[in-house]
Every structure is written in structure tokens, then in C-alpha cells.
Amino acid sequence: MIATFNALLMIARAESGQARGDMKEFDAAEIANDIGELYEPLAEAKGITLKVEADTAAPVNGNRELVSQALANLVDNAIKYAEPHEQPLNGATPEIVVRALSEGDRILLTVADSGPGIPEADRSRVVERFVRLEQSRSRPGSGLGLSLASAVARLHGGELTLEDNHPGLKSTIALPRGGPVQSAG
Ligand SMILES: Nc1ncnc2c1ncn2[C@@H]1O[C@H](COP(=O)(O)OP(=O)(O)O)[C@@H](O)[C@H]1O
Ligand SMILES: [Mg+2]
């Protein structure tokens, strides 16, 4: 109950633009490393390898706390839904990769898993509040994680995208690159 309430409050904060007051420059690579470290023990306990691949500098102007929470929600989903159910696939260890990349004028925070993924037809609605897929009902959750990640991305002028990871899900928070303005050459 309290977790749901807090998540709703955080979404409201991101959507109202109230969080714009706390915008500062931070390094998204640092966030990827921090969240990776935070979730590594949980992943390991579930027999999943969690890897982080972060560029050296991924500057973003924004709300560090909200972006951290958004990325944490994606990693939490990857661990929760990609966890091997009955028997592991041919004994292979499932892997989750968290990346921070600098791509043109954008910084991408991506989380890739090799679980069941989200069917293309459901990818736009799972971002809505309280939407949970039938296949996920056996796992705990309130259907607000992706809503928050999406609201946080939009607060920063970016977007959340969900893609097929062949197999699995690849979720990306794309944010405008921050830091010093680069000359066009
Ligand atoms: N990595 C993933 N793999 C498969 N399904 C996912 C994944 N991430 C999210 N989903 C689906 O999207 C739904 C919404 O996710 P989210 O908003 O984080 O809510 P919650 O995790 O609380 O259910 C989940 O219930 C699940 O059905
Ligand atoms: Mg979730």
C-alpha cells in the first residue's frame, strides 16, 4: 500500500514538472554502475548474472534521484520477470545487461534481459498505470514501474521505449545529452 502510494506520488511529481526544480548535471554512467551494484546481490540470489557496461562520460541535466528510480524499476522488472521459472534453459545462466551509452545528442540507459519479453501488441499499454500482463500475475507488483520510468523520461524531454531483445525485453530510457554544448564543428 505504502509502496504504491509512494510510486503514485513520484509519478505525479515527475508529471507536474515540479521535479524540474532539482535539475543538475550528473553522469548517467554512474547511475548505471550504482544501480548495478545495488541489484547485483538480488540477481545473483536468483541465479541471474547482472552486467553493467557504461561509457566513461554520459552527462545528463536532470533529476538524479528520479532517473535512478526509473532505471531501478527497469532492472527490478528484468530480474522479476526474466527469472527462470521451473528449470533453467539448457542450464545456461540468464543474463541481464545494464548499459549507459552516449549516442549522438542522446544518452541511453538500457536494460536488456532474456526472459519472456512483452508482445509487441502490449508494449504501449504496459506503460499505463496499473497495467500488468496476464503472464506476470504470479509475481508481486502494482503496475506502476514503467509508468514512472516513462514519466521521468518525459520530464527530461526524453522517452521510454520497449523493444524485442530476441529473446527478452530491452527497455531504454533515452535522455537529451547534458553537459557543455558541443560545437557543430
Ligand atoms: N522485463 C520484462 N519482461 C517481461 N515483462 C515485463 C518486463 N517488464 C515489465 N513487464 C510487463 O509489464 C508490466 C508492467 O510493468 P511495471 O509497470 O513495472 O509493473 P509491475 O512490475 O509492478 O507489474 C508487468 O506487470 C509485466 O507484465
Ligand atoms: Mg515493475
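These numbers come from a predicted model, not from an experiment.

Student: Got a minute to help me understand the site of ligand 1 in this structure?
Tutor: Lining the immediate surroundings of ligand 1 are 19 residues, of which Tyr81, Asp113, Arg132, Ser136 and Leu146 lie closest. At 2.7 Å, a side-chain N or O of tyrosine 81 approaches an oxygen atom of ligand 1. Here an oxygen atom of ligand 1 and a backbone polar atom of serine 142 are 2.9 Å apart. Burial of ligand 1 by the surrounding chains reaches 97%, relative to a free accessible area of 540 Å². Among the secondary structure elements, those contributing two or more residues to the shell around ligand 1 are α3 (64-82) and α4 (145-155). Broken down by element, the residue count for the shell around ligand 1 peaks at four residues, all from α3. Its residues assigned to classes, the shell around ligand 1 comprises nine nonpolar, seven polar and three charged.

Student: Teacher, can you tell me more about the sheet that holds strand β4 (residues 95-103) here?
Tutor: Backbone hydrogen bonds are what pair the strands of a sheet, in a parallel or an antiparallel way. Reading across from one edge, β2-β4-β5-β7-β6 is the order of the five strands in this open sheet, with mixed pairing throughout. Each having just a single partner strand, β2 (49-54) and β6 (159-164) make up the two edges of the open sheet. Within the sheet, the average angular offset between the axes of one strand and its neighbour, ignoring direction, is 15°. Looking at chain direction, β2 and β4 are connected through six bridges and run parallel. Each bridged residue has a counterpart across the sheet, and for leucine 50 the counterpart in β4 is isoleucine 96. Sitting on the sheet, helix α2 (residues 28-45) is in contact with β2, β4 and β5 (106-112), with an inclination near 170° to β2.

Procedures and definitions
- Residues numbered from 1 in each chain as written.
- Chains lettered and ligands numbered in written order.
- Predicted model: local features only at pLDDT ≥ 70, side-chain atom pairs only at ≥ 80, totals over all residues.
- Heavy atoms only, no water.
- Near = heavy atom within 4 Å.
- Polar contact = N/O pair within 3.5 Å; in protein donor to acceptor, adjacent residues only side chain to side chain.
- Areas by Shrake-Rupley, 256 points an atom, 1.4 Å probe, with all protein chains shown as cover.
- Helix = DSSP H or I, 4+ residues; strand = E, 2+ residues; numbered from the N terminus.
- Nonpolar A, V, L, I, M, F, W, Y, C, P; charged D, E, K, R; others polar.
- Pairing = 2+ DSSP bridges.
- Axes fitted to C-alpha atoms, helices over the stretch in contact; angles between N-to-C directions.
- Contact = heavy atoms within 4.5 Å.

Function cannot be inferred from these measures alone, as they are strictly geometric.
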